[in-house]
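Descriptive structure summary
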Amino acid sequence: MAKEVVLSGIRPTGFLHLGNYFGAMRNYVRMQDEYNCYFFVANWHSLTTHPDTSELRNSVHRVIAENIACGLDPEKVALYVQSDVPEIAELYLYLNTMAYKGELEKTTTFKEKVRLSPDNVNAGLLTYPVLMAADILIHRALKVPVGKDQEQHLEMARNFAERFNHRYGDIFPSPQAFNFGGELVKILSLDGNGKMSKSENQMNTIFLADDDEQIRKKIMKAKTDGGPLTPNSVKPDYIQNLFTLMSQVSTADTIAKFEADFNASSEGNCIIRYGDLKKQLAADMVEFVKPIRSKAADIQENKELLHKIIRQGAEKARISAGATLKLVRDAMGMN
Ligand code: TYM
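So, here is what we can say about the structure in this document. (Residues numbered from 1 in each chain as written. Predicted model: local features only at pLDDT ≥ 70, side-chain atom pairs only at ≥ 80, totals over all residues. Heavy atoms only, no water.)

**Side note on the nonpolar core**
Generally speaking, a soluble globular protein has its nonpolar side chains buried in company with each other. Judged by nonpolar contacts, the single largest core of 61 residues is most densely connected at I64 and M285. Looking at which element gives the most residues to this core, the answer is helix α13 (residues 274-301), with 11 residues. When residues of this core are assigned to domains, at least three fall in each of domain 1 (5-185 + 303-332) and domain 2 (210-296). Discounting chain neighbours no more than four positions away, the residues touching M285 are L18, I215, I219, L245 and V249. (Core = buried A, V, L, I, M, F, W, Y, C linked by side-chain atoms within 4.5 Å. Buried < 20%, exposed > 50% of the residue type's maximum accessible area, 1.4 Å probe, protein only. Helix = DSSP H or I, 4+ residues; strand = E, 2+ residues; numbered from the N terminus. Domains from an automatic or database assignment. Contact = heavy atoms within 4.5 Å.)

**Regarding helix α11 (residues 237-249)**
Taking 1.5 Å per residue, 13 residues should reach 18 Å; α11 reaches 19 Å between its end C-alpha atoms and fits that length. If you check which residues of α11 are buried, you get Y238, I239, N241, L242, F243, L245, M246 and V249. On the buried face of α11, the contacting elements are α1 (18-31), α12 (252-264) and α13. (Expected span 1.5 Å × (residues − 1).)

**A few points about the pattern of salt bridges**
In the structure shown here, the tally under the stated rule is 15 salt bridges. Close ionic contact of R329 with E90 constitutes a salt bridge, the shortest N to O distance being 2.7 Å. Highlighted residues: R329 in helix α14 (residues 303-332) and E90 in helix α4 (residues 87-96), separated in sequence by 239 residues. Several salt bridges share partner residues, and in doing so they unite D212, K290 and R293 into one network. (Salt bridge = Lys/Arg side-chain N within 4 Å of Asp/Glu carboxyl O.)

**Brief notes about the site of the ligand**
Near the ligand, the surroundings consist of 28 residues, among which R11, Y128, D135, D149 and K198 are the closest. Contact between the ligand and G147: an oxygen atom at 2.8 Å from a main-chain N or O atom of the residue. For the ligand, whose unbound accessible area comes to 710 Å², protein coverage reaches 98%. Listed by contribution, the elements that provide at least two residues to the shell around the ligand are β1 (5-10), α1 and α8 (128-137). Of the residues that constitute the shell around the ligand, the class distribution is 13 nonpolar, 9 polar and 6 charged. (Near = heavy atom within 4 Å. Polar contact = N/O pair within 3.5 Å; in protein donor to acceptor, adjacent residues only side chain to side chain. Areas by Shrake-Rupley, 256 points an atom, 1.4 Å probe, with all protein chains shown as cover. Nonpolar A, V, L, I, M, F, W, Y, C, P; charged D, E, K, R; others polar.)

**Notes on the packing of aromatic side chains**
All told, the structure shown has 10 aromatic pairs when counted by the stated rule. Ring geometry for Y21 against F22: centres 4.9 Å apart, planes inclined by 85°, an arrangement best described as edge-to-face. On the basis of relative accessible area, Y21 is assigned to the buried category, the value being 10%. Among the aromatic side chains, those forming a connected cluster through ring pairs are Y21, F22 and F288. (Phe/Tyr/Trp six-rings, centres within 6.5 Å; stacked < 30°, edge-to-face > 60°.)

**Side note on the state of the cysteines**
In total, this model carries 0 disulfides according to the counting rule given. With no disulfide of its own, C37 lies 15 Å from the sulfur of C70, the closest cysteine sulfur. (Disulfide = S-S within 2.5 Å.)

**A closer look at the packing of α11 against α13**
At a minimum axis distance of 10 Å, the contact between α11 and α13 shows a crossing angle of 40°. The angle between α11 and α13 falls in the class oblique. Every pair of crossing elements has a handedness; the one defined by α11 and α13 is left-handed. Between α11 and α13, the residues in contact are I239, L242, F243, L245, M246 and V249 and Y274, L277, K278, Q280, L281, D284, M285 and F288, respectively. Taken together, the residues that form the contact of α11 with α13 break down as 11 nonpolar, 1 polar and 2 charged. (Axes fitted to C-alpha atoms, helices over the stretch in contact; angles between N-to-C directions. Parallel < 35°, antiparallel > 145°, perpendicular 65-115°, else oblique. Left-handed = near helix turned anticlockwise from the far one by under 90°.)

**Section: α13**
For the α-helix, the turn length of 3.6 residues means that residues three or four positions removed from each other point alike. Here α13 is 28 residues long and its end C-alpha atoms lie 39 Å apart, about the 40 Å a rise of 1.5 Å per residue gives. V289 marks where α13 bends most, by close to 30°; the proline P291 follows one to four residues later. (Bend = angle between axes of the 7 residues up to and from the residue.)

**So, the side chain of T205**
Here T205 shows up in the loop between β5 (176-178) and α10 (212-220). In terms of polar contacts, T205 uses its side chain to reach the backbone carbonyl oxygen of S197, at 3.4 Å. In this view, T205 contacts H17, M196, S197, E200, D210 and K218; residues no more than four positions away in its chain are not counted.

**Considerations on the side chain of S189**
Within the secondary structure layout, S189 lies in the loop between β5 and α10. The buried category is assigned to S189, whose relative accessible area is 2%. At 2.8 Å, the side chain of S189 and the side chain of D191 are in polar contact.

**A look at the packing of α1 against α11**
Running from N to C, α1 and α11 cross one another at 55°; their axes reach a closest spacing of 12 Å. When the interaxial angle is binned, α1 and α11 end up oblique. The chirality of how α1 crosses α11 is left-handed. Of α11, the residues touching α1 (which contributes L18, F22 and R26) are L245, Q248 and V249. Of the residues that constitute the contact of α1 with α11, the class distribution is 4 nonpolar, 1 polar and 1 charged.

**Focus on the environment of S8**
With respect to the helices and strands, S8 occurs in strand β1. By relative accessible area, S8 is classed as buried at 2%. Every residue in contact with S8, bar those within four places of it in the chain, is listed here: Y28, Y38, F39, F40, P145 and V146. A distance of 3.2 Å separates a polar atom in the side chain of S8 from a polar atom in the side chain of Y28.

Laid out in structure tokens, this is it:
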């Protein structure tokens, strides 16, 4: 039986961080054996918010290198750069005729970007979800491993696919956001304000390129409080975030100890020591990030290897993209 198709992408708008890793890349690595995987660097998408391209090539290389350092094998998956696959742009054009101004203006990420950069409300920003749908549908992907922040974009991709199928014939399956745990992940910023992100809150974001000291410093500064007021309390989201990070990098015994301490704590009897929790989390995080950082740096310096991987990825991606575009053109009478 043919393997199910998986696709996901990352914008090269800054350094990759733990949100990218735990929300998305960790799933990529786990999916690469079982599925037919396409992973790419969304450099066209980055133009919608970052028009200055002087650092773009470097950033693309860093994203590719960090993905490989996290465990992606470019022999098993198609690892490519969006702008190397022109078929995506043609599908984007067709899908744009199926996307309505009203729904695009209502997209949460669009509204957020308008608020942040009112002087750069360009048409590419408005149609960002359409380009994202084209990325997914060009390979007729079924599963899309992403973090929680991309949920709405996936819903829009399903709508565009359905409209296309309805109008021109059944070409596209219905793509679903995917995470191994079932629930999509959202890693919070370490100050508890919003999600961890590439461009905001640098001091509250742990990057895969951070050195040991930066990781320690950032985790030790993470927001906590005076401890739970009653036993078995629901954790505030910034405390849950520390436990979520711990669940990814610490041993089962360590996690169980701090969980038990938290659950046994109450007002006047605070057993959990957040200082100790953060110290342990920092130590485990340092060990986790260290090999990724050093492998990524090695790969990034090896331009010959990077170019070979990027070329190979584009070749694989264009075979699949070309086959879909042929179906699309035939269905639309564009042949
Ligand atoms: P981007 O570049 O913002 O993020 C890449 C991936 O990381 C996830 N992520 C997070 N997950 C959990 N917690 C966080 N704090 C966190 N921050 C980021 C994102 O959900 C994403 O999976 N629009 C996409 C790029 C894209 C794409 C696509 C993705 C373009 N075309 C097609 C999937 C399919 C984006 O901006 O991701």
